[in-house]
Amino acid sequence: MALGLPAPGTNTVGLTNRRLTRPIAMSELQPGDLVIDAIGNSNTRHVVIFEKWNDAAHRSCTAYEQRSPQGTSHRSLTYGLAAGSEYKAYRPLQYGN
């Protein structure tokens, strides 16, 4: 929905498609970029929408995510920041850069 895709949209793995997003380094994240874990099954895959870094050292960020049973959360996260993390950064192509 945040990317304006026609219904029913796509799943987590589909968001990593090169027609929709391109991989970027975690250090390049900008507001609206996605942090995606596309590994595993539908119970382990996850996407968050990056808002901002919480400090200059990029030790955590603030992002939006949907999770059960909480619904939509806006909170501080460290997804993708640990070595070997399955979370990767992606830039939606609709943003043009």
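In this text, all values refer to a predicted model and were calculated from it rather than measured experimentally. (Residues numbered from 1 in each chain as written. Predicted model: local features only at pLDDT ≥ 70, side-chain atom pairs only at ≥ 80, totals over all residues. Heavy atoms only, no water.)

S.K.: Talk me through the packing of aromatic side chains; I want residue IDs and the actual numbers.
M.R.: To describe a pair of aromatic rings, you give the distance between the ring centres and the angle between the ring planes. Throughout the structure, instances matching the rule amount to 2 aromatic pairs. With a centroid separation of 4.5 Å and 10° between ring planes, the pair formed by Y79 and Y87 is classed as stacked. For Y79, a relative accessible area of 23% gives the class partly exposed. (Phe/Tyr/Trp six-rings, centres within 6.5 Å; stacked < 30°, edge-to-face > 60°. Buried < 20%, exposed > 50% of the residue type's maximum accessible area, 1.4 Å probe, protein only.)

S.K.: Any details on unusual backbone geometry? Residues and values, ideally.
M.R.: The residue after A7, namely P8, is reached through a cis peptide bond having omega 10°. Along the polypeptide, P8 turns up in the segment before β1 (21-24). Following S68, the chain continues into P69 via a peptide bond in cis, with omega recorded as -5°. Tracing the backbone through its elements, the reader meets P69 in the loop between β4 (61-67) and β5 (71-77). Although it is not a glycine, H58 sits at a positive phi angle of roughly 60°. Tracing the backbone through its elements, the reader meets H58 in the loop between β3 (46-53) and β4. (Helix = DSSP H or I, 4+ residues; strand = E, 2+ residues; numbered from the N terminus.)

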